Amino acid sequence: MIDGNLAKEVLVPEYLLASKAIYDTINIPFGTRQWQLLLLADGYALLSGSHDYSQDTVERFLHILIWNKKPIIIDEANAATTEIIREFYRRYRRMEIIEVKDLNASVFDPYMSIENSSSDRHVFAILPHKYIRRRVLHQHDQEYGLFVGQNTLAQQSIHIIGIAPIRAMLTQEAIALMAQAPLILTFDFVYELIKDVGLQGELHILEYDWERYQVNIDRINQKLSQLHIQGYYDITLIVEGNPEVYDLLSYLGLAYRSYRFEVISPAVVLCCAWITQHYGIDITKPSYVIISGYHARHGITTQHLALELEAYLRLDITCLIIELYSGDLPLIFKQVFVAKRPKTIIMMMNMFTDEQQIFMLSGKDIQRVAWAERIKGKFTSIAIVDQERLQQNPSIYAQLLNDFAPDQESSNLEVKV
């Protein structure tokens, strides 16, 4: 079984709290306006700033991620990493940098001397200008086309709380917020997870469509508009997944609405933490990039996804792909197979449910792609990990290979949690 204390420890990593602090307090200039931007909705990269990177390595990371329009989060940035970032900005400029110390966010000025902070709670968010432009244009579209009845309606405040498919991820703070909420909007399967936490407010439960995600977004938007017209201005929306990383907030209307959210760890990161707990190896260290498997929803073509993956696979950086399309598996396997650095694929399906399955495939297992497509579950994410890094712990690597060996019938390997 998954350890509930571990889930709570991983629940709110520092960089996610920093991202929320930026969303809550920093407005990014673009055009004639200041914009409150979601940083992580379309995928992001996390680099461990305490790791001893060379300047060349950091700059290669930054160039590739900026080209891919990804925000870069640098966690626990030390003095050396800070200086590399400072110098990179001075030369290339095409970015905004936000610094967060002890959850206080401010715009980073690379020309001012900075006292070295001994705080571990030190995070940089690097936002490429191309990323800012894409997010602003998207959010501009969200401001239009929403019918709310009349222009004189008061602002509707929506507090979003996310949970994963397991109750263990609910913190006492989240439970308290739910219990105090005057009106709760949620989906039927999410309600089954929270119905016994002492909800006191008025309940509105929507049916979840497992096949068509856009239908779920439309149902939330329509229900929020209906409640708005009826005079409900304070609403708690409870959803599955991380409200920011999971791209829910990217598609809800912004007209006459304001949002705030509680952060939790993305499910794929928690899956990796589960592997760390059980096997003593952290496959996300020293850095990883998260890619949305639903790239089409973000306007990213399959061709661009292939180029993006090709760039990442040149580096010692773990690629985490969330909720991927099964149709993209052949592309992913092909990229891993031709990568110059040997890679290992870890497939994680239906994690933290009774149907949990994990499989581990080497880059040579390209022939497994048809088998992998057949066993795709409802919640499938993969980690593409540098094989040499895994092999630095031979005994653990051998155990992983043994425990997660692919089974053609895919029925003998069920890791219950």
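Residues numbered from 1 in each chain as written. Predicted model: local features only at pLDDT ≥ 70, side-chain atom pairs only at ≥ 80, totals over all residues. Heavy atoms only, no water.

Caption draft 1: Quick look at the overall build of the chain. What the chain contains, in helices and strands, is 14 helices and 17 strands. Out of the 417 residues belonging to the chain, those deemed buried represent 56%. Across the chain, the fraction of contacts at a sequence separation of at least 24, relative to all contacts at a separation of at least 6, is 76%. Summing over all exposed atoms, the chain offers an accessible surface of approximately 18,100 Å²; the carbon and sulfur share of this is 49%. (Helix = DSSP H or I, 4+ residues; strand = E, 2+ residues; numbered from the N terminus. Buried < 20%, exposed > 50% of the residue type's maximum accessible area, 1.4 Å probe, protein only. Contact = heavy atoms within 4.5 Å. Areas by Shrake-Rupley, 256 points an atom, 1.4 Å probe, with all protein chains shown as cover.)

Caption draft 2: Here's a closer look at the sheet that holds strand S12 (residues 257–261). Ordered in space as S10-S9-S11-S8-S12, the five strands form an open sheet in which the pairing is parallel. Of all strands in the sheet, those with a lone pairing partner are strand S10 (202–206) and S12, marking the two edges. Direction aside, neighbouring strands of the sheet carry axes that sit 25° apart on average. Note: strand S9 (residues 183–187) against strand S11 (residues 234–240), three bridges, orientation parallel. Of the residues in S11, the one forming a bridge with Thr 186 is Ile 238. With respect to the sheet, helix H8 (residues 213–229) is in contact with strand S8 (156–163), S9, S10, S11 and S12, its orientation differing from that of S9 by roughly 160°. (Pairing = 2+ DSSP bridges. Axes fitted to C-alpha atoms, helices over the stretch in contact; angles between N-to-C directions.)

Caption draft 3: Representation of the packing of aromatic side chains in the model. This structure, assessed with the given rule, holds six aromatic pairs. Residues Phe 187 and Tyr 208 carry aromatic rings whose centres are separated by 5.0 Å and whose planes lie at 90° to one another, so their mutual orientation is edge-to-face. On the criterion of sequence distance, the pair formed by Phe 187 in strand S9 and Tyr 208 in the loop between S10 and H8 is long-range, its members being 21 residues apart. The same class applies to Phe 187 and to Tyr 208, which are both buried. When the ring of Tyr 279 is compared with that of Phe 404, the centres are 5.4 Å apart and the planes differ by 65°; the resulting orientation is edge-to-face. Here the residue Tyr 279 occupies a position in helix H9 (residues 267–279), and Phe 404 occupies one in the segment after helix H14 (394–403), the gap between them amounting to 125 residues. Here Tyr 279 matches Phe 404 in class, with each residue buried. By way of ring pairs, the aromatic residues Phe 187, Phe 189 and Tyr 208 are connected into one cluster. Between Arg 33 and the ring centre of Trp 35, over which it is positioned, the NZ or CZ distance is 3.9 Å. (Phe/Tyr/Trp six-rings, centres within 6.5 Å; stacked < 30°, edge-to-face > 60°. Lys NZ or Arg CZ within 6 Å of the ring centre and 35° of its normal.)

Caption draft 4: Geometry of the pairing of S9. In terms of burial, S9 is a largely internal element, five of the five residues being buried. When S9 meets S10, the two strands line up parallel, connected through five bridges. Residue pairing in the sheet places Thr 186 in a bridge with Ile 205 of S10. Assessed by its sense of winding, the connection that carries the chain from S9 through helix H7 (residues 188–194) to S10 is right-handed. (Right-handed = clockwise from strand over helix to strand, strands pointing away.)

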